[in-house]
Structure formats: structure tokens, C-alpha cells
Amino acid sequence: LKTAFEKFSHYWDPRSIHQRTDVEKMLVHTWEKIRGESPETVDDQIPVFTTMVRNRYARVLRLLAAAAMAGLILFAWWLMQPAPSQDWVESRNSKGDRSTIELPDGSRVWLAADSRLSYPKVFGEHKRMLRLEGEAFFEVTKNPSKPFFIEMKEGSIQVLRTSFNVKAYPEDNEVVTAVRTGKVAFVPPGGGGDTAFLLPGSRAAYSAVNRRVLITEAPGDAAWAWINGTLVFESDSLGAIGVTIERYFGKQVEFKNDRLKSYRYTGSFNNSTPAEILEYLSKTKQFTYIIKDDTVIIGE
């Protein structure tokens, strides 16, 4: 477009009109001879005719320049437009609900309660990108040409080949990743800190408070036992257990005595109700509780 504009500009340059004056003069002479006018009269009219021609050329030049400029602006605007955005799917579970999702590449996801997973209807050409808020267990279909990435509020995960669990509730201020098979790389947010590479039987816990990653052994299947309806507590505080009951059973938990939140418990509960869980825990370190409809009151 620029080359064409330069050619037009050169052709219609008013300075080039001076080079055509002799031709115009001859045309005028020829025309006036046809009309029977004298050369003297013709010479007097040449400047007027030439001025008219120059004005016409200048006007055409301005129109062409404006058209070329508009074309350049339109072309530049088209180049600056972002690529069409992908259509994304959002799967959201409320408190008390769980679901299983099959991704476009055949990978499977068990999405926990009070969690949200976003992913494109069709994965990109070079990578598979997802966004997670909450907890999920993944079984990723192997595809070395398309790495599998999970973005979270605090950090991201690159899946090399694996099945694994991710717990990343924003209000918890931490991300916990446990690997069942394969290999996972956890990248702290903002690229700060070292990337943690996890193998089967290992777990990484990233704290958003102190910005550190702690790598430990993952105790058996505890991290993903919830997909089969089993809740496992490992020296968890009663406050944290109350949050888990809210998420997995959709019941609001209220503490009448905040001191009770610091009590710690270890136990495994398979397809148990909130009443069964609390009854068992209250026999270890005593506390009282009442369940009213969708509310659990502890410490009354």
C-alpha cells in the first residue's frame, strides 16, 4: 500500500506539471486553430488553461492522498486488532456439590465442592491452558506437543505426564499439590522463587503469606480420597475441619467459642455425615454441637 501511494504521489506531484507545460501549450494551439483563433490570443489564454489544469491535478492529488491515508489507517487498525478470543467453558460447583468433567483432549477432571474450572472448548495449537479456583483431581491425557497448564490465583502448574490433585481455594492463601502418577512442576506466582518438581508420593504446599514452597511426602491417597467420598484429616484444626464441612456438605458452620478452632484432629471418614464426623471428633477433644437445618453450631 505504501509503494502504491508513493507511485501515485510521484505521478500526481504538482511539480511534474511544469514538465508538461509544452504539451499543454501545443494542445491549446491545436484547439484554437480548430476554432480559428490567432496564435497571439492563444498565447494569452495558455496561462489560464495551465492554471486550470494545475488546479485539477492538485485537486485529484489531494483526493488520492486522502484515500491512500485512509487506506493506511484502516490497514494499521486491522493489524492492531487482537486475534479472535477462544470460547471458554466454565464449570462451577456450589458448596455440597461435586462433578466429573471430560476435557476436549480426553483428560478427566474430578471437580470438588465450592470450586470452579475454566477451559477452552478447543485447546490451542501449542498448549492446553485451564484456570482453577478450588480443588480438583486431574487425569491428564499424554500429549508432549501440547503441554498442560493450570493457572491459579497463587502460581501455576505445568503437567509433564501425570494424575494429581490440586487444592487452591483463594481464601485459604495456599496451594497444595500432590502427585499420584507422573511428574508435575509447580511455578510460584510472578515467577518468583524456585520451581518445585514433584514425583509420585510427593506434595508441595505453597504459602501465599510467606511466599515459600514446602515439599513433603504425600501420605497414601489422602490428598484425592475425597473423589470417592472419603475425607481425611491429618492433624487439622477444628476450624479447618469446619471449613471442609461447609464446602463438602453445603452447611454453614458457626463457632460460639473461637478457642475450639485450635483443637487438632486426625481421622478418616468414608461417606460420613456431618453429624457422624462431629460426634466422633467430640469424643477425642470434647466440644458440643447442634445441627439446625443447614447450620452447624459448635461450642454451644
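What you are looking at is a predicted structure, and each value in this text was computed from that prediction instead of being measured.

Caption draft 1: Fine view of the layout of surface pockets. What the largest pocket holds in volume is close to 800 Å³. Counting residues per element, the ones that place at least two in the lining of the largest pocket are strand 7 (156-168), strand 8 (174-187), strand 10 (202-207), strand 11 (212-217), strand 12 (230-237) and helix 4 (238-249). Within this model, the second largest pocket holds a volume of roughly 180 Å³. Taken together, 14 residues form the lining of the second largest pocket, with Arg98, Gly229, Leu231, Tyr248 and Phe249 sitting closest to its centre. For the lining of the second largest pocket, the secondary structure elements donating two or more residues are strand 12 and helix 4. Residues of the lining of the second largest pocket, tallied by class, amount to 7 nonpolar, 5 polar and 2 charged.

Caption draft 2: How the structure looks around empty space enclosed by the protein. Scanning all chains against the criterion turns up 1 cavity of 30 Å³ or more. There is about 70 Å³ of room inside the largest cavity. Every residue along the wall of the largest cavity is listed here: Leu132, Glu133, Met152, Lys153, Glu154, Ala168, Tyr169, Pro170, Asn173, Glu174 and Val175. In terms of residue class, the lining of the largest cavity is made up of 6 nonpolar, 1 polar and 4 charged.

Thresholds, definitions, all that
Residue numbers run consecutively from 1 along every chain, following the written order of its sequence. The predicted origin of the model limits local features to residues at a pLDDT of at least 70 and limits the giving and counting of side-chain atom pairs to 80 or more, whereas totals for whole chains, interfaces and linings rest on all residues. As a rule here, side-chain values come from all non-hydrogen atoms in the structure, and water together with hydrogens is ignored. Whether a set of points on the 1 Å grid over the protein atoms alone is a cavity depends on a 1.4 Å probe fitting there but being unable to get out, while an open set qualifies as a pocket with protein on both sides within 12 Å along at least five of seven lines; lining residues are those with an atom within 4 Å of a point. Grid points are joined across faces, edges and corners, and a volume is the space filled by probe spheres set on the points. The secondary structure listing takes helices from DSSP runs of H or I that are at least 4 residues long and strands from runs of E that are at least 2 residues long, numbered from the N terminus. Nonpolar residues are Ala, Val, Leu, Ile, Met, Phe, Trp, Tyr, Cys and Pro. Charged residues are Asp, Glu, Lys and Arg, and all others, Gly as well, are polar.

Geometric values such as these leave the question of function open.
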